[in-house]
Amino acid sequence: DASRGRPFATELGPLSFSLEDFHTRYDPEAPYHFEAATELGEQLTWTGTMSLSPIHSEGEFAVKGISIPKYAAYFESLVPFEVEAGLVQAEGEYALQWDEELPDLRLWDGEVEVDGLTLGALEGPEGRKTVAEIDVKGLAVDLTERRLVIEEVSLSDGSVYLRRTLDGIDWMGLLLASATADQTTVKSQLEEWEEVRVDRMVAARVVYRLVDQTLAA
C-alpha cells in the first residue's frame, strides 16, 4: 500500500476458507469460517453468516499476535506519540447490515489485550515512555447509534510518564486536562457520539512519573 505516508506491505498465508450453502439473500443458516496468518505469525479467525442482498453478516472474530507498530502507517497521523512496541489480542461478536450509504455495525462482548505496549514521545527528552499491559473487557460499539461502552479497562505492570505545564497535564504529547487549552481533536470527536462510557478502571503495579514544570514558571 503506497497510498500512506510511508509504504505498508504484508504477506497473508496460509489461508483457510470454508463456506457452506451460500445464498444471495440473508439466511442465518449460511455459515462460513475464515482463517489467515501473516508472515509475523499474526492470526485472524472469523466464523459466522453472510449474505449479499442486502449485505448482512454476523458472527464472531478473534485476532492474535497483531503487531501495533507494523500498522503505524494507518494511525500515526492521528496520535501525538510513537507506538514503539505492543502486541494485540482481541475477540468479540458482531452484526453488520449494509443496505444504505452507511453501514449498521454493532459489536458486543468485545475483549482486547495489549501486551508490552511501549509509547514514546515524538518530542522531548529521551526516557519519556509509557510501558504497560492493557486489558479491555465488555466492549460494546453501536456505529449507527454512536455509542461506545466499556465495562472495564485495566492497566498493569508498567510506568506512565506525565508532565505538568501551565496548560495542563501532558501525556506523551496529548494534553489531558487544561482550563484554558483548546479542545483536543480526540475529545471533539468523542463529543459527537451519543454515549462514551467506561464503567470501571483498574491500575495495578503501575509507577507514575510526574514532572512538574509549573514550579519554575
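Quick summary incoming for the structure in this document. Here the structure is a predicted model, which means the values were calculated and not measured. (Residues numbered from 1 in each chain as written. Predicted model: local features only at pLDDT ≥ 70, side-chain atom pairs only at ≥ 80, totals over all residues. Heavy atoms only, no water.)

Considering a nonpolar patch on the surface
A cluster of nonpolar side chains, contributed by Leu-52, Ile-55 and Trp-98, occupies part of the molecular surface with about 280 Å² of accessible area. Within the fold, Trp-98 resides in strand S5 (residues 81-98). (Patch = residues over 30% accessible without salt bridge, like charges linked within 9 Å, V, L, I, M, F, W, Y side chains within 5 Å. Areas by Shrake-Rupley, 256 points an atom, 1.4 Å probe, with all protein chains shown as cover. Salt bridge = Lys/Arg side-chain N within 4 Å of Asp/Glu carboxyl O. Helix = DSSP H or I, 4+ residues; strand = E, 2+ residues; numbered from the N terminus.)

Topic: the pattern of salt bridges
Considering all chains together, one arrives at nine salt bridges under this definition. Note that Lys-70 is salt-bridged to Glu-42, the shortest N-O span being 2.8 Å. With Lys-70 in the loop between strand S4 (55-67) and S5 and Glu-42 in the loop between strand S2 (31-37) and strand S3 (43-52), this residue pair connects regions lying 28 residues apart in the sequence. Between Asp-157 and Arg-205 there is a salt bridge, with the nearest N and O atoms lying 2.5 Å from each other.

Some details on unusual backbone geometry
With phi around 50°, Asp-157 is a residue other than glycine that occupies positive phi space. Structurally, the position occupied by Asp-157 is in strand S8 (residues 147-165).

Focus: the pairing of S8
Strand direction decides the pairing type here: strand S7 (residues 129-142) and S8, joined by 10 bridges, are antiparallel. Residue pairing for S8: Lys-137 is matched across the bridge by Glu-152. Linking S7 back to S8 in an antiparallel pair, the connection comprises four residues, with Arg-146 at a positive phi of about 55°. In this sheet, strand S11 (residues 195-198) lies alongside S8 in parallel orientation, the contact comprising four bridges. Bridging from a neighbouring strand, Val-149 pairs with Arg-197 of S11. Note: S8 against strand S12 (residues 201-212), 11 bridges, orientation parallel. Its bridge partner lying in S12, Ser-156 is registered against Ala-204. (Pairing = 2+ DSSP bridges.)

Focus on the environment of Glu-195
Looking at where Glu-195 falls in the secondary structure, it is placed in strand S11. The spatial distance from the C-alpha of Glu-195 to the C-alpha of Val-149 is 7.5 Å, given a sequence separation of 46 residues. Each residue touching Glu-195, except ones within four places of it in the same chain, is listed here: Arg-146, Arg-147, Leu-148 and Val-149. For Glu-195, the side chain forms a polar contact with the side chain of Arg-147, separated by 3.3 Å. (Contact = heavy atoms within 4.5 Å. Polar contact = N/O pair within 3.5 Å; in protein donor to acceptor, adjacent residues only side chain to side chain.)

Structural notes on the pairing of S4
Examined bridge by bridge, S3 and S4 share 10 bridges and lie antiparallel to one another. Bridging across to S4, Thr-47 finds its partner in Glu-60. Where S4 and S5 come together, 11 bridges link them in antiparallel fashion. Across the sheet, residue Glu-58 finds its bridge partner in S5, namely Ala-95.

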